[in-house]
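# Fold and contact review
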Amino acid sequence: MALLTQQLLFQRGRPKTNSLGKIRSLDLSGLELRSEHLDPNLLGRLKQLKELDLSNNLLETLPANLGLSHLLILHCTNNQLGDVTVLRQFPDLEELNLEGNPFLTVNDNLKVSFLLPKLRKVNGKDAASACSQVERLDRELTNRVTAHWEKFMATVSPEEDADKFQADFVTSAVKDVHYGPESLSEFTQWRVRMIAEKLVASAGAQVQEADLAKEPPQAAAASKLRTRMVAPKRLDNVPLDLSPSKRVCSSPAVQTEDGPVDSDGGQAALHLEPLHFLQCHSRHNSPKDLETQLWACAFEPAREEGHSGATSQTVATCGGEAVCVIDCQTGIVLHKYKVPGEEFFSVAWTALTVVTQAGHKKRWNMLAAAGLRGMIRLLHVRAGFCCSVIRAHKKAIATLCFSPTHETHLFTASYDKRIILWDIGVPNHEYKFQASQLLMLNCSSVPLRLCPVASCPDDFLLAGCEGGCCCWDVRLDQPQKQRVCEVEFIFSEDSEMSGQRVDGLAFVNDDIVASKGNGQGIIYLWSWSQTWAGRDSRSVLPVVILAQLQWSPTNLAYFSLSTCPDKNLVLCGDEEGSVWIYDVEHLLKQPPPLAATPQAPTQILKWPQPVAQGQPVTKTMVNTVVANAAFTYLTALTDSNIVSIWRCC
């Protein structure tokens with residue numbers, strides 16, 4: 001459309017008048033406006049404008065000099081805004097709506113609360129909670145930057161150029177001063193830079209009070225009143241506010257069994273301490289719920305790709321009717337997504353490259369979740385909404401798995417005895433996905449775990465099933481779109497042992513697979529390459545076992561194992577609430593022959609018996625254990641509605 005005209009402003013303005021200076025409310029929604037259409041010279045003539053609606057347009061930013069300093073209400077829903085700092089030009093703003101801008105995150109919500117001290121409502125909700133959070137963060141960041149300044153100044157020589165050391169200090173502060181959840185790092189770094197720059201400009205004077213956003217006395221009093229009187233309201237399908245999650249107990253000392261000694265005769269050095277115990281999946285938010293079963297968790301991909309040592313401390317967990325996203329450092333539930341009547345069994349992350357209508361590339365971490373209803377829900381958790389729902393199977397989905405090489409390819413395994421490979425695509429201008437089915441893999445029993453072959457993920461897919469371990473050819477250049485199992489792997493020539501359930505499956509490295517069943521008390525480590533080399537044309541193939549790991553002999557099923565390839569670790573829970581940890585690096589280096597007896601775990605973390613409702617939780621099962629890539633945090637999910645987070649010290 002053409003640029004805004006004076007005639008259009010008269011048509012859309014209220015009250016009806018022939019003077020731009022008398023318009024108090026202006027509706028510019030649904031006009032396909034882009035940022036360059038907002039002419040400051042024209043809009044700046046609206047001297048009395050109090051309310052502006054820019055919803056349902058194509059705005060990626062707002063001009064920095066609109067001249068609407070008296071604006072009280074601004075609606076910018078359903079645009080493509082990627083930054084909120086430009087809103088500081090509206091210092092009197094009291095109400096703001098930014099919903100439907102998927103590139104904005106919780107960091108931007110906190111920036112808004114800092115930049116606009118008179119805000120009463122954001123996205124229709126009371127802003128008091130966010131304001132309080134910003135004040136707490138700001139106070140702590142100011143203290144830490146000030147302490148960093150004192151430490152930094154002690155290293156500066158008198159001869160050093162002032163401009164250089166001040167610039168070095170700001171860079172150092174942004175790099176080294178950290179506080180709060182990893183998911184808020186964008187906001188905290190932004191504030192640390194501002195505080196550091198103000199500190200050097202004032203030659204190190206105290207900035208605790210001066211650096212906080214200024215409010216008139218009556219506004220500050222109103223803010224304090226809101227904080228006391230308005231309880232944060234947590235709604236489904238939107239981000240939770242950042243108040244601390246309920247903790248079932250404090251962190252007791254870790255209990256471990258003796259593990260194998262190292263080459264010097266000392267105890268293997270793995271020290272973990274229990275950090276948080278959360279009941280964030282409770283039905284109806286009831287603290288009495290110790291029955292909801294939690295099934296799967298996955299750490300978010302690190303947002304700093306290629307950065308040395310980059311790892312994530314944000315984990316997604318699922319169970320019951322909820323999916324939660326938790327910061328492991330603080331135990332804060334950053335987001336919660338609920339579907340009444342659903343029971344979530346699996347979650348999986350992918351990182352998508354999204355192109356806006358203006359051609360700009362954005363990087364999204366997208367979470368897929370599925371379970372009892374057979375539907376895939378694609379969640380953009382940082383923006384706080386469900387983008388799409390894919391009706392994938394007629395029966396429950398047991399597990400999900402994204403391809404490690406194609407960010408939009410998603411495998412789903414269902415109780416209908418089918419595995420489907422989907423291309424979820426990328427979201428359109430309305431942020432909806434149009435998924436397409438690429439392959440259907442037929443199973444002879446229910447598939448429980450999925451694992452693309454690490455050395456050739458585009459060629460073969462492994463699945464642990466109720467009837468054993470199977471492999472499919474998933475090459476997309478083959479004509480058949482429906483395929484049967486290529487090979488069934490067996491772990492013993494004993495006919496009674498063949499066809500048994502495989503409920504744990506993961507690659508330790510590019511070649512070595514860890515797998516387990518129930519009732520055997522064994523986790524097998526076997527070689528994919530050596531096994532596949534002996535295939536010929538056989539449809540049933542014995543695996544080449546490299547080592548056996550001692551595990552619980554329980555007959556109970558569905559304890560999922562996981563691996564931490566960067567650390568050569570295998571992890572698995574059991575029916576007693578324990579976490580079994582195996583450092584298998586030395587086993588992988590051992591030449592044949594195979595050790596006759598199963599290898600003991602490096603360490604067993606005993607269940608620390610947290611207290612809920614005044615009683616210790618003594619009986620539980622750890623269904624899933626997953627660690628982040630750097631093995632700094634370990635998350636264990638139980639069948640008693642407890643998320644347990646451990647920290648590696």
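Residues numbered from 1 in each chain as written. Predicted model: local features only at pLDDT ≥ 70, side-chain atom pairs only at ≥ 80, totals over all residues. Heavy atoms only, no water.

In this section: the sheet that holds strand β6 (residues 121-122). Taking strand neighbours across the sheet as the criterion, the seven strands line up as β1-β2-β3-β4-β5-β6-β7 in an open arrangement whose pairing is mixed. This sheet does not close on itself; its edge strands, each paired only once, are β1 (13-14) and β7 (125-126). Bridge analysis of strand β5 (residues 95-97) against β6 gives two bridges, and the strand direction is parallel. Considered in β6, the bridge of glutamate 95 is made with lysine 121. (Pairing = 2+ DSSP bridges. Helix = DSSP H or I, 4+ residues; strand = E, 2+ residues; numbered from the N terminus.)

It is worth spelling out the UniProt feature "repeat: WD" (unreviewed entry) in the chain at this point. In this numbering, the UniProt entry assigns the feature "repeat: WD" (unreviewed entry) to residues 390-424. Helix makes up 0% of residues 390-424 and strand 57%. Its end C-alpha atoms lie 9 Å apart. (UniProt positions renumbered as here; feature names shortened; annotations may be inferred.)

Here we take up the sheet that holds strand β20 (residues 436-442). The five strands lie next to each other as β17-β18-β19-β20-β24, forming an open sheet whose pairing is mixed. Edge positions in the open sheet fall to β17 (397-402) and β24 (482-483), since each of these has one partner strand only. Sheet topology note: the strand β19 (residues 418-423)/β20 ladder contains six bridges and is antiparallel. Within β20, the residue paired with isoleucine 419 across the bridge is leucine 441.

Ranked by internal contacts, the top residues of the largest apolar core, which has 48 residues, are Leu74 and Leu87. Elements that contribute at least two residues to this core include exactly α1 (6-12), α2 (40-43), α3 (106-115), α4 (128-153) and α6 (185-201). When residues of this core are assigned to their parent elements, the largest contribution, five residues, is made by α3. Not counting residues up to four positions away in its chain, the partners in contact with leucine 87 are Leu62, Leu74, Leu96, Leu98, Val112 and Leu116. The next biggest cluster of nonpolar side chains, apart from the first, holds 23 residues, and it includes Leu352, Ile397, Phe402 and Tyr431. (Core = buried A, V, L, I, M, F, W, Y, C linked by side-chain atoms within 4.5 Å. Buried < 20%, exposed > 50% of the residue type's maximum accessible area, 1.4 Å probe, protein only. Contact = heavy atoms within 4.5 Å.)

What follows is about the pairing of strand β32 (residues 569-573). Most of β32 sits inside the fold, with five of its five residues counted as buried. Connecting strand β31 (residues 561-564) to the antiparallel partner β32 that follows it, the hairpin turn spans four residues, and asparagine 568 within it adopts a positive phi of roughly 55°. Two elements, β32 and strand β33 (residues 579-583), share five bridges in a ladder whose sense is antiparallel. Note that in β33 the partner of glycine 573 across the bridge is valine 579. Adjacent in sequence and paired antiparallel, β32 and β33 are bridged by five residues, among which glycine 577 carries a positive phi angle near 85°.

Across all of its chains, the model carries 15 aromatic pairs by this definition. Each ring, one from tryptophan 149 and one from phenylalanine 165, has its centre 6.5 Å from the other, and the planes form 45°; the classification is tilted. Of this pair, tryptophan 149 sits in helix α4 while phenylalanine 165 sits in helix α5 (residues 162-176), placing them 16 residues apart in sequence. Its relative accessible area of 9% is what places tryptophan 149 among the buried residues. Residues phenylalanine 491 and tyrosine 524 carry aromatic rings whose centres are separated by 5.3 Å and whose planes lie at 20° to one another, so their mutual orientation is stacked. (Phe/Tyr/Trp six-rings, centres within 6.5 Å; stacked < 30°, edge-to-face > 60°.)

Between the first and last C-alpha of α5 there are 21 Å, a value that for 15 residues agrees with the 21 Å anticipated at 1.5 Å per step. Phe165, Phe169, Val170, Ser172, Ala173 and Val174 are the residues of α5 that are buried. (Expected span 1.5 Å × (residues − 1).)

Going from arginine 14 to proline 15, the amide bond is cis rather than trans, its omega being -5°. Mapping proline 15 onto the fold places it in the loop between β1 and β2 (25-27).

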